[in-house]
Every structure is written in structure tokens, then in C-alpha cells.
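# Report on the structure
One letter stands for each residue in the lines below.
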Amino acid sequence: MRPGLASAVVVMLCAAALGAPGQAQSGDVIRLPEPQRTGAVSVEEALEARRSVRRYASVPLELETIGQLSWAAQGITRPGPGYRTAPSAGATFPIEIDLLIHGLDELETGVYRYLPEEHALRKRFSGDHRSALRWAALRQRQVVDAPVVMVISGVTARTEDRYRGRAERYVYMEAGHVAQNVYLQGVSLGVGTVVIGAFWDAQVSRVLRLEDGEAPLYILPLGKMD
């Protein structure tokens, strides 16, 4: 979805059209539960507790938890201009979030894209593709052990129009902001993750069926603390 299209009116209309959280509507779009904007863990506590976690409990993540982590990554915090939880150079919003979701009763196993303006998921295709992603990520076991895997991709062209030769570095910086948000949100939810940057880009793109111009930047397995 192109940046700059969000508005308060669009957000309200989309929320009404999508129906109840977790309910699949036309176009395989699933509205997520409203994100929490307060919590019991302070920023300082989350920073102190943040660690890379490679072992996860054998339980699925709830839809509410998936939604909260997605919101932490790219959620809208000011509907008019579309400001998000992570800073973006010139509000060009080059980041896309895909989630490989497995084991959830109310949601078919498959690959979903997070839609920030609607705070919803759009199903891209079905099936458990974690094993294929694991091979693309140099066989790192945590990719297949986690019930949810978030993949952060960047579309540099969105930022190039404004920042030309510096766009690529700004996209990389933004991916780092997003990943740290997910780490800290995970601490407050009892969810562990580890950022993975070692992977074959072309293979990850094939597994996720990314469009031309979308480049995978980070893989984050997500699971309850073991």
C-alpha cells in the first residue's frame, strides 16, 4: 500500500468493513484486536531485560499477541499523516511486514502481510513455509521452531524519490528501529525473538513470493519463552 494514503476517515471506514477481530472477510483480510497502548513493563525494564532468544515454548501465539507485535513493528500512531511506531526518513515508509503463522485455530496456516492503516492481516498464500525459510536462512533451527516468523522487507524505491543515494542506508536504519521495537514489545508479552541477518536473499524472496523491488532485510522468529 502506498504511503501517505492513510487518514482518520479511511481508518474508521476500514475498521468498520473488516468486522470482528480474527474474522476473515472479503479479500482474506483479518482484522486484529485493538493494540494495547499501556502496559505493566516500563521502557527501562524492557531495555534491561531484552535478550536474543533462540528457544521457544511449543505453543502458538494468540492473535492478540501477533497483532500487538505487528503494531509495535509498523503500527499507526497518528492516523492523519500515518505516523508509525518506528521512525521513517521523510515518512516514506519503505518497510513491509510479512508473518508466517502456524498453529492458530482461528487462522489458517500461511503467510500474511500486516496492513498498518487497517491494523489487519491480509493472507497472501496458505501453507507452512517455515522449513523452506529455514533452509534459506542457512538452516537456523529457530526459524522452524517458532510458531510465528516475522520477515521485515524494504522497498528502497519509496525512499529514493526523496533521498536519492542515501535511501538504502535510511531503509536499513529503519529496519533496525522496527526490529528493536519488536524485541522490546516481546519482553512485555513474554515473547522471545532473535534477529537473523544470515540468509540467501533470493531464496527468502522466493519463499515469501516478494514482488520486484521488495528486499528481505531481517528474519525474526517469535515464540513464548521456553
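Look a little higher up for the structure.
In this text the structure is predicted, and so the values were computed from the model without any measurement.

## Focus on the overall build of the chain
Tallying secondary structure elements over the chain gives eight helices and nine strands in all. Per-residue burial over the chain gives 46% buried out of 226 residues. Carbon together with sulfur atoms contributes 50% to the accessible area of the chain, which is approximately 11000 Å² in total.

## Topic: the sheet that holds strand 5 (residues 110–115)
Sheet architecture is open: seven strands sit in the order 1-6-5-4-7-9-8, paired in antiparallel fashion. At either end of the open sheet lies a strand with only one pairing partner, and these are strand 1 (29–31) and strand 8 (191–193). Each neighbouring strand pair of the sheet contributes to a mean axis angle of 30°, computed without reference to strand direction. Sheet strands touched by helix 7 (residues 167–189): strand 4 (95–101), strand 7 (148–154), strand 8 and strand 9 (215–224). Its angle to strand 9, the strand with the most contacts, is close to 5°.

## With respect to the packing of helix 6 (residues 156–163) against helix 7
Where helix 6 meets helix 7, the closest approach of the two axes is 8 Å, and the angle between their N-to-C directions is 130°. Judged on the interaxial angle alone, helix 7 and helix 6 are oblique. As helix 6 packs across helix 7, the resulting crossing turns out to be right-handed. Seen from helix 6, the contacting residues are Thr 156, Thr 159, Glu 160 and Tyr 163; seen from helix 7, they are Ala 167, Glu 168, Tyr 170 and Val 171.

The rules behind the values
- Residues numbered from 1 in each chain as written.
- Predicted model: local features only at pLDDT ≥ 70, side-chain atom pairs only at ≥ 80, totals over all residues.
- Heavy atoms only, no water.
- Helix = DSSP H or I, 4+ residues; strand = E, 2+ residues; numbered from the N terminus.
- Buried < 20%, exposed > 50% of the residue type's maximum accessible area, 1.4 Å probe, protein only.
- Areas by Shrake-Rupley, 256 points an atom, 1.4 Å probe, with all protein chains shown as cover.
- Pairing = 2+ DSSP bridges.
- Axes fitted to C-alpha atoms, helices over the stretch in contact; angles between N-to-C directions.
- Contact = heavy atoms within 4.5 Å.
- Parallel < 35°, antiparallel > 145°, perpendicular 65-115°, else oblique.
- Left-handed = near helix turned anticlockwise from the far one by under 90°.

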